[in-house]
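Structure assessment
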Amino acid sequence: PDMLACAPHADSGLVAALTASGLGALVPPSAATGQAAGVAATFALEGLLELGMARSITWGNSSFVIVTGSGKIASCPTHS
């Protein structure tokens, strides 16, 4: 992955791993900490490439906020 973002609530322990092109995976806490093998849930941020490659990501309470290489800011809703 090019970027990592921690879930906004510490008790969930999820980590999002994301490529600059917007492909990602949600990694379960035990796998993220190296305590056990785990199965990641994959996702894609559709439409992101129209704004440019992702350069930074933050996982907020209701969305990912992504800064792109073109300077655009994208907000992508997350599901609980």
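In the block above lies the structure referred to throughout.
This section reports on the structure supplied with the text. (Residues numbered from 1 in each chain as written. Predicted model: local features only at pLDDT ≥ 70, side-chain atom pairs only at ≥ 80, totals over all residues. Heavy atoms only, no water.)

**Side note on a nonpolar patch on the surface**
On the surface, a nonpolar cluster with roughly 240 Å² of combined accessible area is contributed by Val 65, Val 67 and Ile 73. Along the chain, the position of Val 67 falls in strand β6 (residues 63–68). (Patch = residues over 30% accessible without salt bridge, like charges linked within 9 Å, V, L, I, M, F, W, Y side chains within 5 Å. Areas by Shrake-Rupley, 256 points an atom, 1.4 Å probe, with all protein chains shown as cover. Salt bridge = Lys/Arg side-chain N within 4 Å of Asp/Glu carboxyl O. Helix = DSSP H or I, 4+ residues; strand = E, 2+ residues; numbered from the N terminus.)

**Regarding the sheet that holds strand β5 (residues 54–59)**
Note: strands within a sheet are paired through backbone hydrogen bonds, in either parallel or antiparallel orientation. Judged by pairing direction, the sheet is antiparallel, and its three strands sit side by side in the order β5-β6-β7 without closing on themselves. Lying at the two open borders of the sheet, with one neighbouring strand each, are β5 and β7 (73–77). With strand direction ignored, the average angle separating the axes of adjacent strands in the sheet is 20°. Bridge count between β6 and β7: five bridges; the pairing is antiparallel. Paired with Ile 66 across the bridge in β7 is Ala 74. (Pairing = 2+ DSSP bridges. Axes fitted to C-alpha atoms, helices over the stretch in contact; angles between N-to-C directions.)

**Some words on the pairing of strand β2 (residues 15–18)**
Residue alternation in β2 divides its side chains into two sets, Val 15 and Ala 17 and Ala 16 and Leu 18, and both sets are buried. In terms of strand pairing, strand β1 (residues 3–6) meets β2 through four bridges, oriented antiparallel. When the bridges of β2 are listed, Ala 5 appears paired with Ala 16. Pairing between β2 and strand β3 (residues 23–27): four bridges, direction antiparallel. Counted as the bridge partner of Ala 16 is Leu 26 from β3. (Buried < 20%, exposed > 50% of the residue type's maximum accessible area, 1.4 Å probe, protein only.)

**Concerning the packing of aromatic side chains**
Under the defined criterion, the tally for this structure stands at two aromatic pairs. Considering the side-chain rings of Phe 43 and Phe 64, the 5.7 Å spacing of their centres and the 15° angle between planes classify their relative orientation as stacked. Taken together, the residues span a long stretch of sequence, with Phe 43 in strand β4 (residues 41–44) and Phe 64 in strand β6 at a distance of 21 residues. The interplanar angle of 50° and the centroid separation of 5.1 Å between the aromatic rings of Trp 59 and Phe 64 together place this pair among those described as tilted. By relative accessible area, which is 13% here, Trp 59 ends up buried. Pairwise contacts between aromatic rings join Phe 43, Trp 59 and Phe 64 into one cluster. (Phe/Tyr/Trp six-rings, centres within 6.5 Å; stacked < 30°, edge-to-face > 60°.)

**Comments concerning the pairing of β5**
Where β5 lies against β6, five bridges are found, and the strand directions are antiparallel. What sits directly across from Thr 58, in β6, is Val 65. In this antiparallel pair of consecutive strands, β5 and β6, the connection spans three residues.

**Focus on the environment of Leu 4**
Among the secondary structure elements, Leu 4 is positioned in strand β1. Along the backbone, Leu 4 and Thr 58 are 54 residues apart, and their C-alpha atoms lie at a distance of 8.6 Å. Here Leu 4 is in contact with Val 15, Ala 16, Ala 17 and Ile 57, once residues within four sequence places are set aside. (Contact = heavy atoms within 4.5 Å.)

Purely geometric stuff here, so don't read any function into it on its own.
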